[in-house]
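Understanding the architecture of this molecule
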Amino acid sequence: PSLKKEVEFQPFSGQAGIEIFRSTDHQYFLKRYSNNSWAQKEQQILMMEVSFKKPTVLDTIVWEERECLVLQNARVQPRLLNMTLHQVLQAVEVLSQVHELYLGQEQNIQFGLNCFHARQKEVSTELHGELSSFRPIGDALCHTDLHLSNWLVENDEVVGLLDWIAYGYGDPEEDLAGLILESGHWNHRQQIIESWEGKTERLVDPKRFLLYFWLLT
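Scoring rules and cut-offs
Residues numbered from 1 in each chain as written. Predicted model: local features only at pLDDT ≥ 70, side-chain atom pairs only at ≥ 80, totals over all residues. Heavy atoms only, no water. Pairing = 2+ DSSP bridges. Helix = DSSP H or I, 4+ residues; strand = E, 2+ residues; numbered from the N terminus. Axes fitted to C-alpha atoms, helices over the stretch in contact; angles between N-to-C directions. Expected span 1.5 Å × (residues − 1). Buried < 20%, exposed > 50% of the residue type's maximum accessible area, 1.4 Å probe, protein only. Contact = heavy atoms within 4.5 Å.

Examining the sheet that holds strand β2 (residues 18-23)
Spatial ordering of the open sheet is given by β1-β2-β3-β5-β4, a layout of five strands whose pairing is antiparallel. The outermost strands of the open sheet, each flanked by one partner alone, are β1 (9-15) and β4 (56-63). For this sheet the average axis-to-axis angle between neighbouring strands, irrespective of direction, equals 25°. Looking at chain direction, β4 and strand β5 (residues 66-72) are connected through seven bridges and run antiparallel. Each residue of the ladder has a partner; that of Val 57, found in β5, is Leu 71.

As structure tokens, then:
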């Protein structure tokens, strides 16, 4: 689909390398990327047919040599300020579907390795040997940016995800650690992990999960 009418946008928010504008009627968003490859990367995942909700790409434009995506359904209702356990388990359902997606190419995002090197001085000497050999397996497509504001919600039900700029192939333990950290449901971590395992028929590596949780903290 394409946007076949004149729409006025106003500055809405921004983050490193991305400017976001919202239409005056609040129906559409325009994302302007400082790196054109980021726009192409996010467009690839947003154009996929999936069962969970995500923003719809209506149009692509070039503005001052920078690629932009015009999006709809990029914010269904006001962003989450906290998540109930029920909503976290709904989020697990979404993540279980994300982790099964395949884009036709595999690229290890090496998140954990990069974070470990950045925080190496915080690790006790005894752990250096074990952690220096750590490598992400990279066998699942991961979102990797699970802030509460990135969950799409309808009638208080978690139905999908937005802001896909950081996705890549990595370890599902990273997403699970991010979800539990951001939602504050550490005390329910076993129930959350077991819910994911039941939906994917895969087992979470406890040590890998704890390492990602530490790296994200």
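Having put the structure on the table, let's press on.
Things to note about helix α2 (residues 85-98)
Between its terminal C-alpha atoms α2 stretches 20 Å, which fits the 20 Å expected from 14 residues at 1.5 Å a residue. Burial analysis of α2 places 10 of its 14 residues in the buried class, which makes it a mostly covered element. Residues of α2 that are buried include every one of Leu 85, Gln 87, Val 88, Gln 90, Ala 91, Val 92, Val 94, Leu 95, Ser 96 and Val 98, and no others. Lining the buried residues of α2 we find β6 (140-142), β7 (151-154), β8 (157-161), α5 (172-183) and α6 (189-200).

A short note on unusual backbone geometry
One non-glycine residue with positive phi stands out, namely Glu 65, at about 65°. Position of Glu 65 relative to the elements: it lies in the loop between β4 and β5. Unusually for a residue other than glycine, Glu 201 sits at a positive phi of about 60°. Overall, the relative accessible area of 75% leaves Glu 201 in the exposed class.

Honestly, that's just the spatial picture; any functional story needs more than this.
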